[in-house]
Amino acid sequence: MTVVLLHPLPLDGTAWADVPVEDPVVAPTLYDLGPTVEAWAGAVVDLAGPGPLVVVGASVGASCALEVARLVPGRIDHLVLVGGKAGHRRDPGQHAAVRRVLDDEGLAGAWARIWAPLLSPTAAPDVVARVRGLALAQAPAAVTTGVDAFHARPDATAVARAHAGHLTVVRGEDDPIVGDRPPLAPARVVAGAGHYVPIERPQAMAALVADAVSRGRGGA
């Protein structure tokens, strides 16, 4: 079994560095894999190699996780969607607004206006600094690719429903973005976390990944 860890915007694969996972892990930086979430998913499948998968995605990573499940449904042992939404209706106005901030204010301005508010207000200063540092380490063009892919992603409600028996929905208790609700799966709420659970609460995230792996191996 391979555990696939898919990061949120505007971070990269190192967002999972503090989440200990015992199984073989693939944690790519998605922007390098193509211009769309669907292209990312195809590349992730290639990177993961053969065999069963536990796919864990945060935010845009959750969208990619669902596209992996669409591509190789028979290989999915468990899906974990962290702060993600299976349902999606494209909103060109919202997409254009985010692009304007990136174009006019740069990555630092976009971080401050769009992504920093997604952290828990109780996040420790070192956690805030780490998330900000990861965000600002990205190439602006890469983040723009991620934003475009996120806003153009397909609706994956049917995919999530098809995997409802092997699906964990996770959200930080302070996450202002409301993710999927039942009947897809009961939400596992992580105390003291906002949108960036893998960095804000890495040990809690590790426990959720371990639980998903256990379920994928025939557990409850």
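Residues numbered from 1 in each chain as written. Predicted model: local features only at pLDDT ≥ 70, side-chain atom pairs only at ≥ 80, totals over all residues. Heavy atoms only, no water.

**A look at the layout of surface pockets**
The gaps left among the atoms become clear once a water-sized probe is rolled over them.
Next, step 1: Taken as a whole, the largest pocket spans an internal volume of roughly 580 Å³.
Next, step 2: Counting residues per element, the lining of the largest pocket draws most heavily on helix α3 (residues 92-115), which supplies four residues.
Next, step 3: Class assignment for the residues of the lining of the largest pocket results in nine nonpolar, nine polar and four charged. (1 Å grid on protein atoms, 1.4 Å probe; cavity = no way out; pocket = protein on both sides within 12 Å on 5 of 7 lines; lining within 4 Å. Points joined across faces, edges and corners; volume = space filled by probe spheres on them. Helix = DSSP H or I, 4+ residues; strand = E, 2+ residues; numbered from the N terminus. Nonpolar A, V, L, I, M, F, W, Y, C, P; charged D, E, K, R; others polar.)

**Side note on helix α4 (residues 125-136)**
Next, step 1: With 12 residues, α4 extends 16 Å from end C-alpha to end C-alpha; this agrees with the ideal 16 Å at 1.5 Å per step.
Next, step 2: Of the positions making up α4, those classed as buried are Val127, Val131, Leu134 and Ala135. The buried residues of α4 occupy an angular sector of 105° when the element is viewed end-on, so they sit on one face. Exposed residues on α4 whose side chains face more than 90 degrees from its buried face are Pro125 and Asp126. (Expected span 1.5 Å × (residues − 1). Buried < 20%, exposed > 50% of the residue type's maximum accessible area, 1.4 Å probe, protein only. Arc of directions from axis to C-beta.)

**Digging into the sheet that holds strand β6 (residues 187-190)**
Next, step 1: Taken in spatial order, the six strands make up an open sheet running β2-β1-β3-β4-β5-β6, and their pairing is parallel. Looking at the sheet topology across the chains shown, the edges are occupied by β2 (25-26) and β6.
Next, step 2: Of the strand pairs in this sheet, strand β5 (residues 167-172) and β6 are connected by four bridges, and their pairing is parallel. Across the sheet, the residue bridging to Arg171 is Val189, located in β6.
Next, step 3: Contacting β1 (2-6), β2 and β3 (53-58), helix α1 (residues 37-48) crosses the sheet at an angle of about 145° to β1. (Pairing = 2+ DSSP bridges. Contact = heavy atoms within 4.5 Å. Axes fitted to C-alpha atoms, helices over the stretch in contact; angles between N-to-C directions.)

**Thoughts on the packing of aromatic side chains**
Think of a pair of aromatic rings as described by two things: how far the centres are apart, and how the planes are tilted against each other in angle.
Next, step 1: Counted according to the given criterion, the structure contains one aromatic pair.
Next, step 2: Relative to Trp40, the ring of Tyr31 lies with its centre 6.4 Å away and its plane at 75°, an arrangement referred to as edge-to-face.
Next, step 3: The class for Tyr31 is buried, based on a relative accessible area of 7%.
Next, step 4: It is Arg153 that lies over the ring of Phe150; its NZ or CZ is 4.0 Å from the centre. (Phe/Tyr/Trp six-rings, centres within 6.5 Å; stacked < 30°, edge-to-face > 60°. Lys NZ or Arg CZ within 6 Å of the ring centre and 35° of its normal.)

**Structural notes on the environment of Pro92**
Next, step 1: Take Pro92: it is sitting in helix α3.
Next, step 2: Taking relative accessible area as the criterion, Pro92 reaches 64% and is therefore assigned exposed.
Next, step 3: The spacing of Pro92 and Ala135 is 43 residues in sequence and 24 Å in space, taken between C-alpha atoms.

**Concerning the side chain of His195**
Next, step 1: Inspection of the secondary structure assignment puts His195 in the loop between β6 and α7 (197-200).
Next, step 2: The exposure class assigned to His195 is buried, which follows from its relative accessible area of 2%.
Next, step 3: With residues up to four places along the chain from it excluded, the contact list for His195 reads Ser59, Gly83, Leu118, Asp175, Ile177 and Glu200.

**Examining the pattern of salt bridges**
Next, step 1: Considering all chains together, one arrives at six salt bridges under this definition.
Next, step 2: Between Asp18 and Arg130 there is a salt bridge, with the nearest N and O atoms lying 3.2 Å from each other. Taken together, the residues span a long stretch of sequence, with Asp18 in the loop between β1 and β2 and Arg130 in helix α4 at a distance of 112 residues.
Next, step 3: When its relative accessible area of 39% is taken as the criterion, Asp18 is described as partly exposed.
Next, step 4: Close ionic contact of Arg70 with Glu67 constitutes a salt bridge, the shortest N to O distance being 2.9 Å. Here the residue Arg70 and the residue Glu67 both occupy positions in helix α2 (residues 60-71), the gap between them amounting to three residues, near one helical turn.
Next, step 5: Through salt bridges with shared partners, a single network forms among Arg188, Asp211 and Arg215. (Salt bridge = Lys/Arg side-chain N within 4 Å of Asp/Glu carboxyl O.)

**As for the nonpolar core**
Next, step 1: Among the nonpolar cores identified, the biggest contains 53 residues, and Val55, Val68 and Trp115 are the most heavily contacted of them.
Next, step 2: Contact partners of Trp115, with chain neighbours within four places excluded, come to Leu9, Pro10, Leu102, Leu107, Ala110, Val143, Val147 and Tyr196. (Core = buried A, V, L, I, M, F, W, Y, C linked by side-chain atoms within 4.5 Å.)

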